[in-house]
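Below are the chains, spelled out letter by letter.
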Amino acid sequence: MDSTKDEPFLFPTTMYERDCFHPSKFFSANLLSSPLPTNSFFHNFLLCNGDNPEYIHPYLIKPSASSLSLCYPSRSVHSHCIYQDFNPDLTVSSSTSSESHHVISSFTGLSVTLDFPSSNLGFFLVRGCPYVTFSVSHQTPLFSMTTVHKFSSFTSNSSLTKYALKLDNGQAWLLYASLPIKVSNSYETMISFSKKFTSRDHGVPLVVRIALLPNSSSELEDVLDRYSSCYPVSGDALFTKPYCVEYKWEKRGFGNGDLLMLAHPLHLQLLSKDEGNVTILQDFKYRSIDGDLVGVVGDSWLLKADHVPMNWYSTRGVKEESFDEIKSALSKDVAALCSSEITTISAYYYGKFIARAARLALIAEEIGFLEVIPSVKKFLHETIQPWLDGTFDDNGFLYDANWGGIVTKERSYQDFDYHKYGCHHYHLGYFLYGIAVLAKIDPSWGMKYKPHAYSIMADFMNLGGEHDLNSKNYTRLRCFDLYTLHSWGGETFPDQGREQDSTSEAVNAYYSAALMGVVYGDNNLSAIGSTLASLEIHAAKMWWHVKEGDNMYEEDFTTENKLVGYLSVNMRNRKMRYCYTSKESKIALHVLPLLPISECLFSNVDFVKELVEWTQSGYGDGPADGDGDGWKGFVYALEGIYDNQIALKKIRSLKCFDCGNSLSNLLWWIHRRDDEEKFNCGHGSHEN
């Protein structure tokens with residue numbers, strides 16, 4: 001009997017301790033026995049004092065010691081960036097408040113519940129909800145609302161269950177209550193409310209909902225009135241079948257009514273109109289840095305992504321007349337493989353060297369140049385196995401038992417970078433690609449190290465469930481955001497929120513996991529990896545690929561940029577990773593690694609042509625960044641999509657290549673067959 005089927009593999013255990021980032025500080029005790037998220041949409045609620053804002057569409061939310069503030073953010077637009085800042089439009093606190101931080105009592109990929117034990121307030125923060133909903137314990141007689149602006153007026157209905165609040169900055173807010181409440185005190189910047197009890201209300205918690213009224217429109221006020229009594233307390237995303245994500249919300253209410261939520265542009269693109277019994281309210285909109293958020297009525301949604309083929313090789317094959325040139329390049333690239341010459345100890349760059357070699361093996365298989373594969377296999381053994389066995393001298397994988405996840409320890413730093421914990425889908429994706437290829441060409445090795453491979457995969461792609469042996473060791477989908485439908489690569493600046501720059505490396509992570517599912521005969525893993533890869537592609541095209549006329553971003557930004565470099569929750573920046581400024585480096589970091597699935601990421605030929613021509617029109621904020629020829633190789637690869645011969649000539653002139661790329665890989669790409677009628681990745685060749 002194979003014991004690996006019963007017990008999951010764990011890398012050597014470590015315990016990370018730091019006061020400003022310890023799970024016991026903000027999570028309720030009942031959650032501490034399970035793996036916890038390190039890259040979640042409420043990440044800022046866990047750092048230091050937990051008082052940095054998070055964008056929970058459509059509001060920026062900021063907890064403090066005894067209160068919670070919300071902001072309907074405005075944007076600042078420049079040619080080099082777009083950003084939104086927090087300004088506390090309204091702050092909710094209670095009369096029993098004392099200096100004590102919030103506690104996270106429950107969470108999912110779409111919701112988090114913040115409790116304030118000292119003030120008897122509990123907030124149901126559900127992403128995409130136009131209302132902020134909170135409960136007030138029967139032990140709390142008063143709650144207050146303050147503003148950094150001034151209240152210019154407030155009115156109530158006759159039953160004292162609805163208030164209209166107007167601020168001197170032009171905003172109008174609506175407050176709904178499950179029980180009658182009355183104004184006990186009012187000042188320019190504060191209004192206090194108390195419960196107006198009847199005999200049957202004693203002991204019943206008060207539920208309050210607050211919503212901004214867009215454009216102070218009476219028509220939109222009618223919509224908010226209509227759906228004010230039905231509220232979500234949590235939501236989750238389910239992967240019920242390939243290329244589908246189902247949203248389901250748990251709802252409660254203090255009256256009749258359906259659930260009103262908000263959909264961003266990618267939701268609307270993927271939302272199935274025929275399933276889930278949803279109604280789209282096209283005229284009910286909130287503005288957002290991610291595009292207009294549109295009202296959708298329904299307590300479940302079905303999102304359908306395009307099919308993406310998970311192929312080891314090029315989708316249409318390689319032109320036979322090019323085999324000799326590719327073989328010549330392969331001979332040189334394989335001969336140059338030498339594991340002892342890799343000097344980096346970085347998991348990221350080491351992984352790129354591994355994946356580069358794995359590409360050589362697959363290209364050789366595709367064109368029938370099998371004699372070079374043993375050398376590649378030897379190199380992959382020498383480079384991958386020490387990381388899995390724990391015998392790599394200067395670095396290695398460790399399992400952090402405090403949070404439940406893989407970390408790397410580089411001896412030169414003597415510490416872990418937990419603010420970047422979420423970047424592991426980039427790093428581990430390269431390792432998974434190499435592991436999948438080595439398991440393909442050496443099946444016995446693949447079976448021996450299958451538990452190690454699944455542990456690496458589960459670090460960022462665990463779906464949970466009672467049949468998943470790794471579910472007790474890793475959090476669910478560490479990097480993938482189930483509301484924005486793409487991954488985040490960690491967080492550098494709390495005020496900007498989580499960030500991701502290289503969309504292509506995110507695609508690679510899930511593509512590699514899908515290939516691992518193929519090689520191990522795991523249809524579920526392959527299906528989930530394929531689905532997440534497709535969603536990453538959809539999101540890249542929606543938010544990173546800047547196209548004229550799509551109205552996603554303001555004209556000042558779109559006229560200067562064809563790609564968003566560094567995209568964070570609260571910012572769109574033209575730069576890549578805050579250091580790369582040239583257009584060539586920006587393109588390269590959105591293309592690498594060059595793979596069969598790259599065809600789907602850049603299937604819009606019209607956009608690709610605009611992008612390459614934009615690059616050739618000059619640099620960005622400065623001269624080319626370092627690895628000039630290495631970056632250029634990826635630009636020429638895109639140029640080859642629409643002008644094969646010119647791109648081939650340029651590729652042949654290159655003198656060096658990115659550490660994750662090679663001449664063999666570029667020639668393989670450029671010599672693929674271009675008979676488009678045989679290929680359909682589901683992402684179209686001329687779509688917007």
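Because the structure is a prediction, the values reported are computed rather than measured.

What counts as what
- Residues numbered from 1 in each chain as written.
- Predicted model: local features only at pLDDT ≥ 70, side-chain atom pairs only at ≥ 80, totals over all residues.
- Heavy atoms only, no water.
- Helix = DSSP H or I, 4+ residues; strand = E, 2+ residues; numbered from the N terminus.
- Buried < 20%, exposed > 50% of the residue type's maximum accessible area, 1.4 Å probe, protein only.
- Contact = heavy atoms within 4.5 Å.
- Areas by Shrake-Rupley, 256 points an atom, 1.4 Å probe, with all protein chains shown as cover.
- Pairing = 2+ DSSP bridges.
- Axes fitted to C-alpha atoms, helices over the stretch in contact; angles between N-to-C directions.
- Phe/Tyr/Trp six-rings, centres within 6.5 Å; stacked < 30°, edge-to-face > 60°.
- Lys NZ or Arg CZ within 6 Å of the ring centre and 35° of its normal.
- Core = buried A, V, L, I, M, F, W, Y, C linked by side-chain atoms within 4.5 Å.
- 1 Å grid on protein atoms, 1.4 Å probe; cavity = no way out; pocket = protein on both sides within 12 Å on 5 of 7 lines; lining within 4 Å.
- Points joined across faces, edges and corners; volume = space filled by probe spheres on them.
- Nonpolar A, V, L, I, M, F, W, Y, C, P; charged D, E, K, R; others polar.
- Salt bridge = Lys/Arg side-chain N within 4 Å of Asp/Glu carboxyl O.
- Expected span 1.5 Å × (residues − 1).
- Polar contact = N/O pair within 3.5 Å; in protein donor to acceptor, adjacent residues only side chain to side chain.
- pLDDT = per-residue confidence, 0-100.
- Parallel < 35°, antiparallel > 145°, perpendicular 65-115°, else oblique.
- Left-handed = near helix turned anticlockwise from the far one by under 90°.

### Observations concerning the overall build of the chain
Okay, so step 1: Regarding its fold elements, the chain presents 18 helices and 31 strands.
Okay, so step 2: In the chain, which comprises 688 residues, the share counted as buried stands at 61%.
Okay, so step 3: Counting contacts in the chain only where the partners sit at least 6 residues apart, residues at least 24 apart contribute 69% of the total.
Okay, so step 4: Put simply, the chain shows about 25500 Å² of open surface, and 48% of that area lies on carbon and sulfur atoms.

### Some thoughts on the sheet that holds strand S18 (residues 206–212)
Okay, so step 1: Pairing is antiparallel in the open sheet, where eight strands are placed in the order S8-S9-S10-S11-S18-S15-S14-S13. With partners counted over all chains shown, the strands left at the sheet margins are strand S8 (103–107) and strand S13 (151–156), one partner each. Averaged over all pairs of adjacent strands, the angle between strand axes in this sheet comes to 20°, irrespective of strand direction.
Okay, so step 2: Across the face of the sheet, helix H2 (residues 218–226) comes into contact with strand S11 (131–136), strand S14 (162–167), strand S15 (172–177) and S18 while running at roughly 20° to S15.

### Concerning the packing of aromatic side chains
Okay, so step 1: Using the criterion set out here, one finds 39 aromatic pairs in the structure.
Okay, so step 2: For the pair phenylalanine 41 and phenylalanine 42, a centre-to-centre distance of 5.1 Å together with 90° between the ring planes defines the contact as edge-to-face. Side by side, phenylalanine 41 and phenylalanine 42 carry an identical accessibility label, which is buried.
Okay, so step 3: Counting every residue linked through ring pairs, the aromatic cluster contains Phe9, Phe11, Tyr350, Trp387, Phe392, Phe397 and Phe431.
Okay, so step 4: A cation over a ring is seen here: arginine 209 above tyrosine 131, with NZ or CZ 3.9 Å from the ring centre.
Okay, so step 5: For the cation-ring pair, lysine 547 lies above phenylalanine 607, with the distance from its terminal atom to the ring centre recorded as 5.6 Å.

### Comments concerning the nonpolar core
Okay, so step 1: Membership of the largest hydrophobic core comes to 217 residues, with the highest contact counts inside it found for Phe143 and Leu380.
Okay, so step 2: Ranked by residues supplied to this core, first place goes to helix H5 (residues 347–367) with 13 residues.

### Some remarks on empty space enclosed by the protein
Okay, so step 1: Going through the model one piece at a time under the given rule, you end up with four cavities of 30 Å³ or more.
Okay, so step 2: Estimates place the volume of the largest cavity at around 70 Å³.
Okay, so step 3: Tyr55, His57, Arg127, Asp290, Asp481, Thr484, His486, Trp488, Arg498, Leu567, Val569 and Arg572 together form the lining of the largest cavity.
Okay, so step 4: Each residue belonging to the lining of the largest cavity can be placed in one class, and the counts come to four nonpolar, three polar and five charged.
Okay, so step 5: Empty space within the second largest cavity amounts to approximately 60 Å³.
Okay, so step 6: Around the second largest cavity, the lining residues are Ile56, His57, Pro58, Tyr59, Ile61, Phe124, Leu125, Val126, Cys129, Tyr131 and Val132.
Okay, so step 7: The biggest single contributor to the lining of the second largest cavity is strand S10 (residues 121–126), with three residues.
Okay, so step 8: For the lining of the second largest cavity, the residue count by class is 10 nonpolar, one polar and no charged.

### Examining the pattern of salt bridges
Okay, so step 1: Summed over all chains, the structure comprises 22 salt bridges.
Okay, so step 2: A salt bridge links lysine 248 to glutamate 246; the nearest nitrogen and oxygen atoms lie 3.9 Å apart.
Okay, so step 3: Owing to a relative accessible area of 18%, glutamate 246 belongs among the buried residues under this scheme.
Okay, so step 4: For arginine 498, the salt bridge goes to aspartate 481, with nearest N and O atoms at 3.0 Å. Placement of the pair is arginine 498 in the loop between strand S28 (486–487) and strand S29 (499–500) and aspartate 481 in strand S27 (residues 480–481), with a sequence separation of 17 residues.
Okay, so step 5: When its relative accessible area of 3% is taken as the criterion, aspartate 481 is described as buried.
Okay, so step 6: Overlapping salt bridges, with partners in common, bring together Arg127, Asp481 and Arg498 in one network.

### A closer look at the sheet that holds strand S20 (residues 244–253)
Okay, so step 1: Reading across the sheet, the three strands line up as S19-S20-S24 and stay open at both edges, with antiparallel pairing between neighbours. Each edge of the open sheet is held by one strand with a lone partner, namely strand S19 (230–238) and strand S24 (300–304). Mean inter-strand twist for the sheet, computed between neighbouring axes without regard to direction, equals 20°.

### Quick word on helix H11 (residues 523–544)
Okay, so step 1: If you check H11, its first and last C-alpha atoms are 30 Å apart, about what 22 residues at 1.5 Å a residue would give, namely 32 Å.
Okay, so step 2: Of all 22 residues that make up H11, 19 are buried, and the element is covered over most of its length.
Okay, so step 3: Of the residues that open H11, the one with a side-chain oxygen 3.3 Å from the backbone nitrogen of asparagine 524 is aspartate 522.

### Remarks on the confidence of the model for the chain
Okay, so step 1: Per-chain confidence: the chain averages 89 in pLDDT, with 89% of residues scoring 70 or above.
Okay, so step 2: Contacts of residues 411–420 to residues separated by more than four positions or lying in other chains number 25 contacts, the stretch itself having pLDDT below 50.
Okay, so step 3: Between residues 619–626, whose pLDDT stays under 50, and residues either more than four places distant or in other chains, the model counts 22 contacts.

### Considerations on unusual backbone geometry
Excluding glycine, residues mostly have negative phi values, and the peptide bonds linking residues are mostly trans.
Okay, so step 1: The linkage connecting histidine 57 with the following residue, proline 58, adopts the cis geometry, with an omega of 10°.
Okay, so step 2: Residue placement: proline 58 occurs in the loop between strand S2 (54–56) and strand S3 (59–63).
Okay, so step 3: For the bond from leucine 592 to proline 593, the omega torsion is -5°, close enough to zero to count as cis.
Okay, so step 4: For proline 593, the location among the structural elements is in the loop between helix H13 (583–589) and helix H14 (598–601).
Okay, so step 5: Positive phi outside glycine occurs at leucine 485, with the angle close to 70°.
Okay, so step 6: Counting through the fold element by element, leucine 485 comes out in the loop between S27 and S28.
Okay, so step 7: A positive phi angle, close to 60°, is found at asparagine 551, a residue other than glycine.
Okay, so step 8: In this fold, asparagine 551 is placed in the loop between H11 and helix H12 (555–558).
Okay, so step 9: The exposure class assigned to asparagine 551 is exposed, which follows from its relative accessible area of 71%.

### Description of the pairing of S24
Okay, so step 1: The element S24 is extensively covered by neighbouring structure, given that four of its five residues are classed as buried.
Okay, so step 2: Pairing of S20 with S24 involves five bridges; the strand directions are antiparallel. Its bridge partner lying in S24, glutamate 246 is registered against leucine 302.

### A look at helix H10 (residues 503–519)
Okay, so step 1: The terminal C-alpha atoms of H10, which comprises 17 residues, lie 25 Å apart, in line with the 24 Å expected from a rise of 1.5 Å per residue.
Okay, so step 2: Taking burial as the measure, the 17 residues of H10 include 15 buried ones, the bulk of the element.
Okay, so step 3: In the stretch just after H10, glycine 521 is the one whose phi turns positive, near 65°.

### Quick word on the packing of helix H9 (residues 450–461) against H11
Okay, so step 1: Relative orientation of the contacting elements H9 and H11 amounts to 40°, with a least axis distance of 13 Å. On the basis of the axis angle, H9 is oblique to H11. Relative to H11, the crossing made by H9 is left-handed. Listed contacts from H11 to Tyr454, Met457 and Met461 of H9 are Leu525, Ile528, Gly529 and Leu532.
Okay, so step 2: Split into classes, the residues belonging to the contact of H9 with H11 amount to six nonpolar, one polar and no charged.

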